[in-house]
Amino acid sequence: MNLPEFSATAEAHPNIALIKYWGDRDSKLRLPANGSISMNLGGLVTRTTVTFNDQFKDDRLLLNGEETSGPALERVTFFLDLVRGQAGINTHGQVVSRNNFPTGAGIASSAAAFAALCLAATRSAGLTLTEMELSRLARRGSGSASRSIPGGFVEWQAGTGDLDSYAYSIAAPDHWRLVDCIAVVSTGHKRTGSTEGHASAGSSPFQSTRVDQAPERLNRCRQAIEQRDFSLLADVVEADSTLMHAVMMTSVPPLFYWEPASLRLMKLIPEWRRQGLQACFTLDAGPNVHVICPAGQADSVEEQLSQVEGVMQVLKASVGPAASWVA
Ligand code: PMV
């Protein structure tokens, strides 16, 4: 069946993982080695419009105003194929996507990108899915995108298979007014993307220990969020980030994402905490340092971060809402 023209627009926010997803049990289905917890980043937005039109000869991708081909378009086509399969259509689509945050600032854009694409593409294909079904589908585009579908603080349960590996909100955005102060120390493009990284995680002798102990860290993180206990959160978030990087650095081939300024901040921030500032660090697959703090401390954290050698810019994001359609 072919469709005439149908179009839908959606917005989604990136998220920062407090307990990381690293490594897949099944890379095709993007079933994670372990569960993870994140918070959505409010104020940072990807807005995507998908149009299916039976006159289109191919899928097209316009990213931040530029016609894009190659691996990015292939990944979009793979995702549209999943949507077309569910909707029983074979119409080509045009995807127009724009981020309001700088590309290359080390903010994982794939989570927001695939969450927004998932909402826009399913609606324009005529599908009506539940939040759980949207999260499962977004996961196929990028694992962390499953966590950008629900709002606030979100847990992605590893699950046993495709049907039960999805994310849900564990606390609303206003439950705890935390801020992510992102210390940008490099704007260079990352050398090894996360898809490749997930594939090599199992080659580190530390991955199985990290995965085995993940349930205990997830419990501590969930409890810290529930009780708004910052010192409990700080300890588990920093430990989890460093464990993931230990796996990255000991994988074959090894992945070193830190720059000298990343390490400088990782040593300074616990020191600031001992001096009374409530702040903790976490790093994704890149050198930029996400500094989580209560909203009341965000100005002091930003001020202190901007004085550290190697910090080029500080971006701030509050806890963000769920992905949503734009009328
Ligand atoms: O969703 P992906 O494939 O971009 O993987 C995300 C990996 C990390 O950002 C490093 C950790 C996480 O849980 O977001």
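Scoring rules and cut-offs
- Residues numbered from 1 in each chain as written.
- Predicted model: local features only at pLDDT ≥ 70, side-chain atom pairs only at ≥ 80, totals over all residues.
- Heavy atoms only, no water.
- Helix = DSSP H or I, 4+ residues; strand = E, 2+ residues; numbered from the N terminus.
- Rg over C-alpha atoms; globule rule 2.2 N^0.38 Å.
- Buried < 20%, exposed > 50% of the residue type's maximum accessible area, 1.4 Å probe, protein only.
- Contact = heavy atoms within 4.5 Å.
- Polar contact = N/O pair within 3.5 Å; in protein donor to acceptor, adjacent residues only side chain to side chain.
- Phe/Tyr/Trp six-rings, centres within 6.5 Å; stacked < 30°, edge-to-face > 60°.
- Domains from an automatic or database assignment.
- Salt bridge = Lys/Arg side-chain N within 4 Å of Asp/Glu carboxyl O.
- Near = heavy atom within 4 Å.
- Areas by Shrake-Rupley, 256 points an atom, 1.4 Å probe, with all protein chains shown as cover.
- Nonpolar A, V, L, I, M, F, W, Y, C, P; charged D, E, K, R; others polar.
- Disulfide = S-S within 2.5 Å.
- Pairing = 2+ DSSP bridges.
- Axes fitted to C-alpha atoms, helices over the stretch in contact; angles between N-to-C directions.

### Some thoughts on the overall build of the protein chain
Reasoning step 1: Within the protein chain, the regular secondary structure consists of 9 helices and 16 strands.
Reasoning step 2: Against the compact-globule benchmark of 20 Å for 327 residues, the protein chain has a radius of gyration of 19 Å, which places it among compact chains.
Reasoning step 3: The principal-axis extent of the C-alpha atoms belonging to the protein chain is close to 65 × 40 × 35 Å.
Reasoning step 4: Residues counted as buried form 54% of the 327 residues belonging to the protein chain.

### Focus: the environment of Arg191
Reasoning step 1: Positionally, Arg191 belongs in the loop between β12 (178–184) and α4 (194–200).
Reasoning step 2: Classification of Arg191 by relative accessible area gives exposed; the value is 64%.
Reasoning step 3: Spatially, the C-alpha atoms of Arg191 and Ala323 are 29 Å apart, while their sequence positions differ by 132 residues.
Reasoning step 4: Residues within four places of Arg191 in sequence aside, it is in contact with Phe256, Tyr257 and Glu259.

### Observations concerning the side chain of Asn99
Reasoning step 1: Summarising the element assignment, Asn99 is placed in strand β9 (residues 93–99).
Reasoning step 2: In this structure the side chain of Asn99 is engaged in a polar contact, spanning 2.7 Å, whose partner is the side chain of Thr46.
Reasoning step 3: Once residues within four sequence positions are removed from consideration, Asn99 is found in contact with Val45, Thr46, Asn64 and Ser109.

### Structural notes on the packing of aromatic side chains
Reasoning step 1: With the rule as written, the count across this model stands at 4 aromatic pairs.
Reasoning step 2: With centroids separated by 4.8 Å and ring planes inclined at 70 degrees, the aromatic side chains of Tyr21 and Trp156 adopt a geometry described as edge-to-face. You can see Tyr21 sitting in the loop between β2 (15–19) and β3 (24–26) and its partner Trp156 sitting in strand β10 (residues 153–156), a full 135 residues away along the chain. Side by side, Tyr21 and Trp156 carry an identical accessibility label, which is buried.

### Regarding the domain arrangement of the protein chain
Reasoning step 1: According to the domain assignment, the protein chain contains domain 1 (6–174) and domain 2 (178–318).
Reasoning step 2: Centre-to-centre, using C-alpha coordinates, domain 1 lies 23 Å away from domain 2.
Reasoning step 3: Of the charged contacts, one joins Glu155 and Arg222 as a salt bridge, the two residues approaching to 2.7 Å between their closest N and O atoms.
Reasoning step 4: On the surface where domain 1 and domain 2 come into contact, there are 10 residue pairs in polar contact (both at pLDDT 80 or more).
Reasoning step 5: Going through the elements one at a time, β2, β5 (36–42), β10 and β11 (167–171) are the ones with two or more residues in the side of domain 1 that touches domain 2.

### Thoughts on the site of the ligand
Reasoning step 1: Taken together, 14 residues are adjacent to the ligand, and Tyr21, Ser142, Ser144, Arg147 and Ser194 come closest.
Reasoning step 2: A distance of 2.6 Å separates an oxygen atom of the ligand from a polar side-chain atom of Ser144.
Reasoning step 3: Between Ser194 and the ligand, the recorded distance is 2.8 Å, taken from a side-chain N or O atom to an oxygen atom.
Reasoning step 4: Alone, the ligand offers 380 Å² of accessible surface; in the complex the protein occludes 97% of this.
Reasoning step 5: Taken together, the residues that form the shell around the ligand break down as 5 nonpolar, 6 polar and 3 charged.
Reasoning step 6: Three or more residues apiece are contributed to the shell around the ligand by two domains, here domain 1 (6–174) and domain 2 (178–318).

### Here we look at the state of the cysteines
Reasoning step 1: One pass over the structure, following the stated rule, counts 0 disulfides.
Reasoning step 2: Summary of cysteine pairing: Cys280 is not part of a disulfide, and the nearest cysteine sulfur, belonging to Cys293, is at 8.7 Å.
Reasoning step 3: Free of any disulfide, Cys293 has its nearest neighbouring cysteine sulfur in Cys181, separated by 4.0 Å.

### Comments concerning the sheet that holds strand β7 (residues 60–63)
Reasoning step 1: One open sheet holds the 6 strands; their spatial order is β8-β7-β9-β6-β1-β16, and the pairing between them is mixed. Edge strands, defined here as strands with exactly one partner in the open sheet, are β8 (66–67) and β16 (324–326).
Reasoning step 2: Pairing of strand β6 (residues 46–52) with β9, which is carried by 7 bridges, proceeds in the antiparallel orientation. Within the sheet, the bridge partner assigned to Phe52 lies in β9 and is Gly93.
Reasoning step 3: Of the strands in this sheet, β1 (6–12), β6, β9 and β16 are in contact with helix α2 (residues 109–124), which crosses β1 at around 150 degrees.

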